[in-house]
Amino acid sequence: MPFRELIDSIKRLGMKKQVIILLVLLSAVSTTIEGFGLGLVLPIAQLMTSGGDPKALVAESRMWQMLEEAHLFIGVPLGIFSLFVATAILILLRQSVVYLREVIFNRVKFLLIRDNQIALLGAFLCSRTNYQETVSVGEFSNEMVLELQRAISAIFSFVLLVSLTIQIFFYFCLLLALSWPMTLSAVILLSCVALPLRRM
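Conventions used here
Residues numbered from 1 in each chain as written. Predicted model: local features only at pLDDT ≥ 70, side-chain atom pairs only at ≥ 80, totals over all residues. Heavy atoms only, no water. Patch = residues over 30% accessible without salt bridge, like charges linked within 9 Å, V, L, I, M, F, W, Y side chains within 5 Å. Areas by Shrake-Rupley, 256 points an atom, 1.4 Å probe, with all protein chains shown as cover. Salt bridge = Lys/Arg side-chain N within 4 Å of Asp/Glu carboxyl O. Helix = DSSP H or I, 4+ residues; strand = E, 2+ residues; numbered from the N terminus. Buried < 20%, exposed > 50% of the residue type's maximum accessible area, 1.4 Å probe, protein only. Arc of directions from axis to C-beta. Contact = heavy atoms within 4.5 Å.

Asker: What is the right way to look at a nonpolar patch on the surface in this model?
Answerer: The grouping of Met48, Ile80, Phe81, Phe84, Val85, Ile89 and Leu93 at the surface amounts to a nonpolar patch, some 680 Å² of accessible area in total. For the nonpolar patch, the element with the most residues is helix α6 (residues 80-125), which contributes six residues. With respect to the helices, strands and loops of the structure, Ile80 is situated in helix α6.

Here you go:
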């Protein structure tokens, strides 16, 4: 389906753009929080291998200097315990945002199905009798239940696709920030593996 037709279908089915923006925004927020949580794994590993003393690491790395500034701002001493607690808090925050997104996602989806079913039934009842006689009960039930759900599911698949694209882009930028040579090497390697698979 062309992008323009997809946008027109979204408008006809009553999907508000504010809801789409909210769902995409929640996905972006959860991805960002998850990225920070995964980013703390590296400092924890460095701190464990260095003997648990963060002072030497702060003098060598800009990342550790930022962590120390953040801990000073909060008023908590920098150490492996504080990093573990921060990671746990970020994981809980991420799961809370994901739960909120899923609740909104399913509520909006089923309300949209219900509203369109009511509108479709109302339009059918208000139509002329000769038209109603030409439509079979099975055909109308199929449109009401199956086809309508497929149409709305296609809209939400588009929303999920946008969210997934943002997530992939964020992780790609995060990997570039951690190690751009390794990231580019992995991209080239995966591309070389994917090209033969596409021809199969």
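Asker: Mind showing me how you'd approach the pattern of salt bridges here?
Answerer: The full count for this structure, using the stated rule, is four salt bridges. The partner of Arg94 in a salt bridge is Glu34, and the shortest N-O contact between them spans 3.4 Å. Here Arg94, found in helix α6, pairs with Glu34, found in helix α2 (residues 17-39); they are 60 residues apart in sequence, far enough to count as distant. By relative accessible area, Glu34 is classed as partly exposed at 23%. Between Arg114 and Asp115 there is a salt bridge, with its nearest N and O atoms 3.1 Å apart. According to the relative accessible area criterion, Arg114 is partly exposed, its value standing at 44%. A relative accessible area of 39% means that Asp115 is categorised as partly exposed.

Asker: Would you explain helix α3 (residues 41-49) in this entry?
Answerer: An α-helical turn contains 3.6 residues, so any two residues separated by three or four positions project in the same direction. Taken together, the buried positions of α3 are Pro43, Ile44 and Leu47. Along the axis of α3, the buried positions cluster into a sector of 100°, meaning they face one direction only. Where α3 is buried, its residues contact α2, α4 (54-60), α5 (62-74) and α6. Positive backbone phi, at 95°, marks Gly51, one or two positions downstream of α3.

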